[in-house]
Amino acid sequence: MQRRVFLRYAGASAAAATLLFTTTSCDDDDDNGPMDPMAVDLGSGDTGILNYAYALEQLEAAFYTEVVTRSLSLFSQTEQQIMQDLKGHEGIHRDFLKAALGSAAIPDLEVNFSSINFNDKNSVLTTARTFEDLGVAAYNGAGKLLEDAGFLTLAGKIVSVEARHAAVIRDLISNGTFSDTADANGLDPAMMPADVLNAASAFITTKINANNLPK
């Protein structure tokens with residue numbers, strides 16, 4: 001499958017997810033429990049899980065914005081379009097979740113990309129692979145924590161887009177190698193929120209409190 005066609009299909013999946021979610025409203029749970037006053041509290045219940053997803057989409061969107069702004073000259077014309085497509089997809093995910101959460105949405109997070117060399121193609125691609133793999137594992141792990149069937153369908157649609165992103169990045173790193181992350185059962189990995197946020201903490205300056213998320 002050509003890379004551009006691959007990314008167009010991913011974009012179609014994102015649009016379908018948006019159409020689905022605009023017909024569903026977010027639940028609100030006021031029982032946030034104790035928290036660090038300096039931390040952003042994700043909340044609890046399905047609202048907390050969606051804020052968790054929103055935090056990760058903020059991170060990915062910010063990263064690809066930096067790539068498009070600072071690193072496009074490192075890539076061929078086709079690869080540049082892929083990076084712009086990825087930026088567009090992650091921006092759609094971020095803005096869509098923010099709008100859906102409404103007043104329950106967490107604020108914009110501060111990110112720190114100082115460890116990334118945006119003048120080095122390998123640094124950019126390996127970081128992209130890290131973020132996309134983390135996104136796939138995060139959605140896979142959080143799916144079972146959602147109570148609303150509509151939200152679960154939404155998460156399934158978004159994770160399919162993230163998985164396509166991960167595959168395309170791998171193809172850019174090593175042409176023809178779409179995936180090397182499946183476990184012994186042929187499944188993508190799943191990670192719980194605490195582990196995902198710990199892995200992402202090197203790139204997020206804002207403190208995040210996830211203590212009230214479902215377990």
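How each quantity is defined
- Residues numbered from 1 in each chain as written.
- Predicted model: local features only at pLDDT ≥ 70, side-chain atom pairs only at ≥ 80, totals over all residues.
- Heavy atoms only, no water.
- pLDDT = per-residue confidence, 0-100.
- Contact = heavy atoms within 4.5 Å.
- Axes fitted to C-alpha atoms, helices over the stretch in contact; angles between N-to-C directions.
- Helix = DSSP H or I, 4+ residues; strand = E, 2+ residues; numbered from the N terminus.
- Parallel < 35°, antiparallel > 145°, perpendicular 65-115°, else oblique.
- Left-handed = near helix turned anticlockwise from the far one by under 90°.
- Buried < 20%, exposed > 50% of the residue type's maximum accessible area, 1.4 Å probe, protein only.
- Arc of directions from axis to C-beta.
- 1 Å grid on protein atoms, 1.4 Å probe; cavity = no way out; pocket = protein on both sides within 12 Å on 5 of 7 lines; lining within 4 Å.
- Points joined across faces, edges and corners; volume = space filled by probe spheres on them.
- Nonpolar A, V, L, I, M, F, W, Y, C, P; charged D, E, K, R; others polar.

A.B. asks: Could you clarify how one ought to interpret the confidence of the model for the protein chain in this entry?
C.D. replies: Do not read the predicted coordinates in detail wherever pLDDT is low. Chain-level statistics for the protein chain give a pLDDT mean of 84 and a share of 78% at 70 or above. Here residues 12-25 is modelled with pLDDT under 50, and outside its nearest four sequence neighbours on either side it reaches 25 contacts, counting other chains as well. In this model residues 27-33 is a low-confidence stretch, pLDDT under 50, and it forms 12 contacts with partners more than four residues away in sequence or in other chains.

A.B. asks: What should I look at first to understand the packing of helix H2 (residues 45-70) against helix H6 (residues 193-200) in this one?
C.D. replies: Working note: a packed helix pair is described by the angle between its axes plus the distance between those axes. Between H2 and H6, the least distance of the axes is 12 Å, while the angle of their chain directions is 25°. The angle between H2 and H6 places the two elements in the roughly parallel class. The crossing of H2 and H6 is left-handed. Contacts from Tyr52, Leu56 and Leu59 in H2 reach Pro193, Val196, Leu197 and Ala200 in H6.

A.B. asks: Before we go on, may I ask you to explain H6 in this structure?
C.D. replies: Every α-helix carries 3.6 residues per turn, so stepping three or four residues along brings you back to the same face. Burial in H6 covers these residues: Pro193, Val196, Leu197 and Ala200. Buried positions in H6, seen along its axis, are confined to an arc of 95° and lie on one side of it. Of the residues in H6, the exposed ones pointing more than 90 degrees away from the buried face are Ala194 and Asn198. Buried residues belonging to H6 abut H2, helix H4 (121-142) and strand S2 (208-209).

A.B. asks: Quick question: what am I supposed to make of empty space enclosed by the protein here?
C.D. replies: One way to see where empty space is left: roll a probe the size of a water molecule over the atoms. In total, this model carries 2 cavities of 30 Å³ or more according to the counting rule given. Take the lining of the largest cavity: its biggest share by element is 5 residues, from H2. Across the lining of the largest cavity, the residue classes break down as 14 nonpolar, no polar and no charged. What lines the second largest cavity is Leu56, Leu59, Glu60, Phe131, Leu134 and Gly135. Among the residues making up the lining of the second largest cavity, the classes are represented as 4 nonpolar, 1 polar and 1 charged.

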